[in-house]
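Take a look at the letters that make up each chain.
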Amino acid sequence: MNKKILVLVIVIILICVAAVLVFKFKNNGAVASNPGTNSQDNEQYQYAATLTVTPTTTEFSNKNMNVRCIIPKFTNLNTSVNNYINSKIEKDLIYTNVFDEVTAGLDSSSIGKFTYSVNYERFNCFDFVSIVATQNIELEGSRSIVRKKCYVVDAKNDRTANLKDVFANKSSYKSKVKSEVSKQAEEKGIELTGGNDIFSIEDTQSFYIKNDKLHIYFEPSEVSAAANGELDFEMPFKLNNGVFEF
């Protein structure tokens, strides 16, 4: 009997020691977290993770068009924000609108075949969800166009986000972004429209956040010669508690 009791006591002690080790590991060991966060930021990051974006696909081919569109659609923002951003996305990306845009002023007999594809990527960063849709547009016999449309949503506050919203330094962010874009353009030998000191950063500036880095984006010919194509500048600013500081 005493031997059985001794074995039972030893088993209980081993269980207790194992429980202590597991608890210690969970509290002092590495904590798995989402990309771009650390353990204390998990709660904030979850706002972005709760947003649902679903793809809507349109694909067909005929003698006049070759189309493959995968367009994102937000589904669980509040109704007014859902309607607003989904309407904007569709207006920007749907093939009929893009066709009308690139063929404006052309004689119908000279248009040729229209080829268009669009796909998107999603990036989460703390409260913000960035959707980057890449468009490939081509008219038969014309130069193809590659460009992006960027959409950023503040999941915590259930609204769309402008560039100002992702900065802690809200009073001078435009001048800092402009200075950094000018510097990088000069380093790459890219001449900005009117010179590197004349272009401006607007409230509606296109941007996105990828892998904790802020990207400032310009479509082809927006701020430089069309031959330079699209321009994407990664900003060196520090991400701190979900917003950028410089």
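Since the model is a prediction, treat every value here as computed from it, not as a measurement.

Undergrad: Could you give me a rundown of the confidence of the model for the protein, with the residues and numbers involved?
TA: Of the residues in the protein, 80% reach a pLDDT of 70 or more, and the chain-wide mean stands at 85. Counted against residues more than four places away or in other chains, residues 17–41, with its pLDDT under 50, gives 17 contacts.

Undergrad: Could you give me a rundown of the pattern of salt bridges, with the residues and numbers involved?
TA: Under the criterion given, the structure shown has 8 salt bridges. Between Glu230 and Lys148 there is a salt bridge, with the nearest N and O atoms lying 3.2 Å from each other. Here Lys148 lies in strand S5 (residues 145–154) and Glu230 lies in the loop between strand S8 (213–218) and strand S9 (231–234), a separation of 82 residues in the sequence. Salt bridges sharing partners connect three or more residues here, namely Asp154, Arg159 and Asp165.

Undergrad: For the sheet that holds strand S7 (residues 207–210), give the residues involved together with the corresponding values.
TA: Sheet strands pair via backbone hydrogen bonds, and the direction of the pair is either parallel or antiparallel. The sheet built from 3 strands is open, its strands ordered S7-S8-S9 with antiparallel pairing. Of all the strands in the sheet, just S7 and S9 have a single pairing partner and so form its edges. For this sheet, the mean inter-axis angle between neighbouring strands, taken without regard to orientation, is 25 degrees. For S8 and S9, the ladder comprises 4 bridges, and the chain directions are antiparallel. What sits directly across from Phe218, in S9, is Leu231. Packed on one face of the sheet, helix H5 (residues 173–187) meets S8 and S9 and runs near 115 degrees to S9.

Undergrad: Lay out unusual backbone geometry with the relevant residues and their values.
TA: The phi torsion at Asp158 lies on the positive side, around 55 degrees, for a residue other than glycine. Looking at Asp158, the relative accessible area reads 25%, which means it is partly exposed. Unusually for a residue other than glycine, Asn241 sits at a positive phi of about 55 degrees. Considering the arrangement of structural elements, one finds Asn241 in the loop between strand S10 (238–240) and strand S11 (243–245). The exposure class assigned to Asn241 is partly exposed, which follows from its relative accessible area of 48%.

Undergrad: Go over the pairing of S5 with me, naming the residues and quoting the values.
TA: With 8 of 10 residues buried, S5 is to be regarded as a mostly interior element. Relative to S5, strand S4 (residues 128–139) runs antiparallel, the two being bridged by 10 bridges. Across the sheet, residue Ile131 finds its bridge partner in S5, namely Tyr151. From the end of S4 to the start of S5, which pair antiparallel, there are 5 residues, and Gly141 there has a positive phi angle of about 85 degrees. Bridging between S5 and strand S6 (residues 159–160) involves 2 bridges; their strand directions are antiparallel. Across the sheet, residue Val153 finds its bridge partner in S6, namely Thr160.

Criteria and thresholds
Residues numbered from 1 in each chain as written. Predicted model: local features only at pLDDT ≥ 70, side-chain atom pairs only at ≥ 80, totals over all residues. Heavy atoms only, no water. pLDDT = per-residue confidence, 0-100. Contact = heavy atoms within 4.5 Å. Salt bridge = Lys/Arg side-chain N within 4 Å of Asp/Glu carboxyl O. Helix = DSSP H or I, 4+ residues; strand = E, 2+ residues; numbered from the N terminus. Pairing = 2+ DSSP bridges. Axes fitted to C-alpha atoms, helices over the stretch in contact; angles between N-to-C directions. Buried < 20%, exposed > 50% of the residue type's maximum accessible area, 1.4 Å probe, protein only.

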